[in-house]
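Fold and contact review
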Amino acid sequence: MHKTLNLKEVYDIILDTLKQIIGIKSASILMRNEKGGKLEAVASMGRGTGHEARVTKKYPLKLENKTIGEIRIHSLLPQKEKLTNEDNELLTILAGQAAVAITGAKLYTASSQSVVECMTDGVIMTDQNDEISVLNPAARKMLMYRRKNETGIVLTKELLKKARNFDLDQLLEEMRTSKQDVFTKEIKISNSYERILTVQMSQIKGEGEEPIGTVIGLRDITEEKHVERLKSELVSNVSHELRTPLTSIKNSTEILLNKIPGEINKDQQEFLNMTSRNTERLNTLIGQLLQFSKIESKRLKVNKKLISLQELCDRVLDRLKPQTLEKKITLKRYYRKPIPRIYADPDKIDELLTNLLGNAIKFTPEGGKISLSMDIMTSSKIPWMGESKASKKVEKSGKYVKISVSDTGIGIKPEDLEHIFDRFYRVDQSEHTVAGTGLGLTISKEIVQLHGGKIWAESEHQKGSTFNFVLPTIRRRKR
Ligand code: ADP
């Protein structure tokens, strides 16, 4: 990062240079004040003791022919007898450079202060003792009582905690334990009514990389959250409303296909089969939208039971067999070791496996191969352990069941691979037109995370893909 000096540092450097390079013991820097132009001392060093050589010389600090201040030399170090001509020349050059440096530092301080002051985002800065040193108007507005004359109020952490439920000490603590460069958190504060803020925090480091303070950015996202909630409620309500007529269409089609009202001819059967397949697809889409709106509003819950993953996998594979037969895809299963029963939500794991195997079938051309393998592994053998921040949710030790779904399908390019778990992400497949919503993998990831596991994918474009996930084999029930 570009290091910009503050004014005090610039004065210190100038005085230190006078001492080290020229041998001056006592000197001061004077600057013209803002209004009348009177010179005022802003920094000095080495008061005279009376024993050293005394000189009084002035060197003007000039910028574009305007004198903005001066350097005054009072006395020299004992080993120096007098200022030589060479010293004089050097001092004149130094004064010129000092004028530029001082003006630059002044401008920087003023502009950075006004940027912080004008920002619509809240900015708080703390010093090395964790005390508040800067609190810009936007932060003040977010955290304060809405009083007209608020400048007189002394803002302390205690006041913010008591009055606004804004616990800065706890946030600083969380930032330090997170060890992240930028720590982000969503918090609620109680103003006259509740507000939701995102807090972004990072440490300010000194020259020796030691922390000398923290900068905290605040953004009020209450309105955004409100709109988000309305959208997700709308999706959820519409999906529910669509489900009822769809179930009725599905039931009627089945009744007709089962010839309960009477015989049907071949053409009629064909059309009814088409209706049945499409209602099934619509049903899946609506199900995905409902799941997604639950994820968005953090309402997706798991109902864990002791289950056998082997039995569950067999069930899903059997159910998908007709689709693989239709595409002449070979389906293999490899269960390498006896797999212990685990605590998991059977419906959610069923949905997860159906998503992954469904994708594998969708994206594998006729005659391809799909395999499902299951193995036990310890966390240290899991390649992603420690790589991602999300992995800290996964227990550090212990055994995991790893399930992999591999296919010999169209594969995924590396640039797409990092996004496929993002919501609504679909790879642009001009050469393959495959229907979908881009929600299946988002839901799958959420299901795995709700079980304390992790999902990841490996793929080679045009060769095939492998989707892996691990679930902890915890023996006790986690509530
Ligand atoms: P959908 O399948 O509904 O489009 P998903 O979230 O399940 O949504 O998948 C997102 C995208 O990831 C898919 O559109 C596809 O491009 C890619 N993808 C997922 N699984 C596979 C796979 N087995 N082979 C190739 N591409 C895949």
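In this convention, every chain numbers its residues from 1, walking through the sequence in written order. The model is predicted, so local features are restricted to residues of pLDDT at least 70 and side-chain atom pairs to those at 80 or more, both for listing and for counting; the totals for chains, interfaces and linings are taken over all residues. Processing note: side-chain calculations cover all non-hydrogen atoms of the structure and skip hydrogens and water entirely.

Examining the overall build of the chain
Scanning the chain for helices and strands turns up eleven helices and 16 strands. For the exposure calls, accessible area comes from a 1.4 Å probe over protein chains only, and a residue counts as buried if that area is under 20% of its type's maximum, exposed if over 50%, partly exposed in between. Of all 479 residues assigned to the chain, the portion counted as buried reaches 38%. It only takes one pair of heavy atoms within 4.5 Å for two residues to be counted as in contact. Excluding contacts between residues fewer than 6 apart, the proportion of contacts in the chain whose partners are at least 24 apart in sequence is 62%. Within the structure as shown, the chain displays about 29200 Å² of accessible surface, and the carbon and sulfur contribution to it stands at 52%. Helix and strand assignments come from DSSP, with helices taken as H or I runs of at least 4 residues and strands as E runs of at least 2, each series counted from the N terminus. The method behind every accessible area is Shrake-Rupley, applied with a 1.4 Å probe, and residues are considered shielded solely by the protein chains displayed.

Remarks on the sheet that holds strand β15 (residues 454-460)
Note on pairing: DSSP must find at least two bridges between two strands before they are called paired. What the five strands build is an open sheet, ordered β11-β13-β14-β16-β15; its pairing is mixed. Strands at the two margins of the open sheet, each flanked by one partner only, are β11 (330-335) and β15. Adjacent strand axes in the sheet meet at a mean angle of 15° when their direction is disregarded. Where strand β14 (residues 399-407) meets strand β16 (residues 464-472), eight bridges bridge the pair, whose relative direction is antiparallel. Looking at the pairing, Val405 lines up with Phe467 of β16. Only the stretch in contact is used when a helix axis is fitted, and all axes are lines through C-alpha atoms; the angle between N-to-C directions ranges over 0 to 180 degrees. Where helix α8 (residues 309-326) meets the sheet, it contacts β11, β13 (369-378) and β14, and its direction lies at approximately 175° from that of β11.

A closer look at the side chain of Asp345
Within the secondary structure, Asp345 is located in the loop between β12 (342-344) and α9 (346-362). Residue classification places Asp345 among the buried residues on the basis of a relative accessible area of 4%. Apart from residues no more than four positions distant in its own chain, Asp345 is found in contact with Lys301, Val302, Asn303, Lys304 and His451.

What to know about the environment of Tyr334
Tracing the sequence through the fold places Tyr334 in strand β11. Owing to a relative accessible area of 39%, Tyr334 belongs among the partly exposed residues under this scheme. Taking the C-alpha atoms as reference, Tyr334 lies 6.3 Å from Met374; in sequence the two are 40 residues apart. In this view, Tyr334 contacts Ser371, Leu372, Ser373 and Met374; residues no more than four positions away in its chain are not counted.

Digging into the pairing of β16
In terms of burial, β16 is largely enclosed, as nine of its nine residues are buried. Side chains Gly464, Thr466, Asn468, Val470 and Pro472 project from β16 onto one buried face, and the interleaved Ser465, Phe467, Phe469 and Leu471 project onto a second face that is buried too. Strand direction decides the pairing type here: β15 and β16, joined by seven bridges, are antiparallel. If you follow Trp456 over to β16, its bridge partner there is Asn468. Between the end of β15 and the start of β16, which pair antiparallel, lie three residues, with Gln462 showing a positive phi angle near 70°.

A closer look at the pattern of salt bridges
Salt bridges are identified by distance alone: a Lys or Arg side-chain nitrogen within 4 Å of an Asp or Glu carboxyl oxygen. Taken as a whole and judged by the stated rule, the model has 20 salt bridges. Residue Arg72 pairs with Glu70 through a salt bridge whose shortest N-O separation is 2.6 Å. Assessed through its relative accessible area of 24%, Arg72 is described here as partly exposed. Glu70 sits in the buried class, given a relative accessible area of 11%. The salt bridge involving Glu174 is made with Lys185; its shortest N-O contact spans 3.1 Å. In this pair, Glu174 sits in helix α5 (residues 168-178) while Lys185 sits in strand β7 (residues 183-190), placing the two residues eleven residues apart along the sequence. For Lys185, a relative accessible area of 28% gives the class partly exposed. Three or more residues are tied together by salt bridges with common partners; here these are Glu131, Lys157 and Asp169.

A closer look at helix α2 (residues 85-118)
Expected span of a helix, by definition, is 1.5 Å for each gap between consecutive residues, and there is one gap fewer than residues. Here α2 spans 50 Å end to end across 34 residues, near enough to the 50 Å set by a 1.5 Å rise per residue. Among the residues of α2, those classed as buried are Asp87, Asn88, Leu91, Leu94, Ala95, Ala98, Ala99, Ile102, Ala105 and Val116.

Side note on the site of the ligand
Neighbouring residues are identified by heavy atoms, a residue being near a molecule or strand if any of them is within 4 Å of it. Close contacts around the ligand come from 20 residues, with Asn359, Asp407, Arg426, Thr437 and Leu441 the closest. Between N or O atoms, a polar contact is any pair within 3.5 Å; within protein, one atom must be a potential hydrogen donor and the other a potential acceptor, and residues adjacent in sequence are included only when both atoms are from side chains. Asn359 is positioned such that a nitrogen or oxygen atom in its side chain is 2.8 Å from an oxygen atom of the ligand. Contact between the ligand and Arg426: an oxygen atom at 2.7 Å from a side-chain N or O atom of the residue. Look at the ligand: alone it shows 540 Å² of surface, and the protein chains cover 98% of it. Elements with a minimum of two residues in the shell around the ligand: α9, α11 (440-450) and β16. When residues of the shell around the ligand are assigned to their parent elements, the largest contribution, three residues, is made by α9. When the residues that make up the shell around the ligand are grouped by side-chain class, the tally is nine nonpolar, eight polar and three charged. Gly is put with the polar residues, along with every residue not named as nonpolar or charged; the nonpolar set is Ala, Val, Leu, Ile, Met, Phe, Trp, Tyr, Cys and Pro, and the charged set is Asp, Glu, Lys and Arg.

Digging into the sheet that holds strand β6 (residues 132-135)
On the basis of which strands lie adjacent, the open sheet formed by five strands has the order β6-β5-β9-β8-β7 and antiparallel pairing. Edge positions in the open sheet fall to β6 and β7, since each of these has one partner strand only. Across the sheet, the axes of successive neighbouring strands diverge by a mean angle of 25°, strand direction being ignored. For strand β5 (residues 122-127) and β6, the ladder comprises three bridges, and the chain directions are antiparallel. Its bridge partner being in β6, Thr126 is matched across the sheet by Ile132.

Remarks on unusual backbone geometry
If you check the backbone angles, Lys179 has positive phi at about 60° while not being a glycine. Along the chain, Lys179 turns up in the loop between α5 and β7. Unlike most non-glycine residues, Lys259 shows phi in positive territory, near 60°. Here Lys259 lies in the loop between α6 (222-257) and α7 (266-296).

A short note on a nonpolar patch on the surface
Taken together, Ile21, Leu90 and Ile93 make up a surface patch of nonpolar side chains, about 280 Å² in accessible area. Looking at the secondary structure, you find Ile93 in helix α2. Only residues whose relative accessible area exceeds 30% and that form no salt bridge are eligible for patches; like-charged ones are grouped when within 9 Å, while nonpolar side chains (Val, Leu, Ile, Met, Phe, Trp, Tyr) are grouped when within 5 Å.

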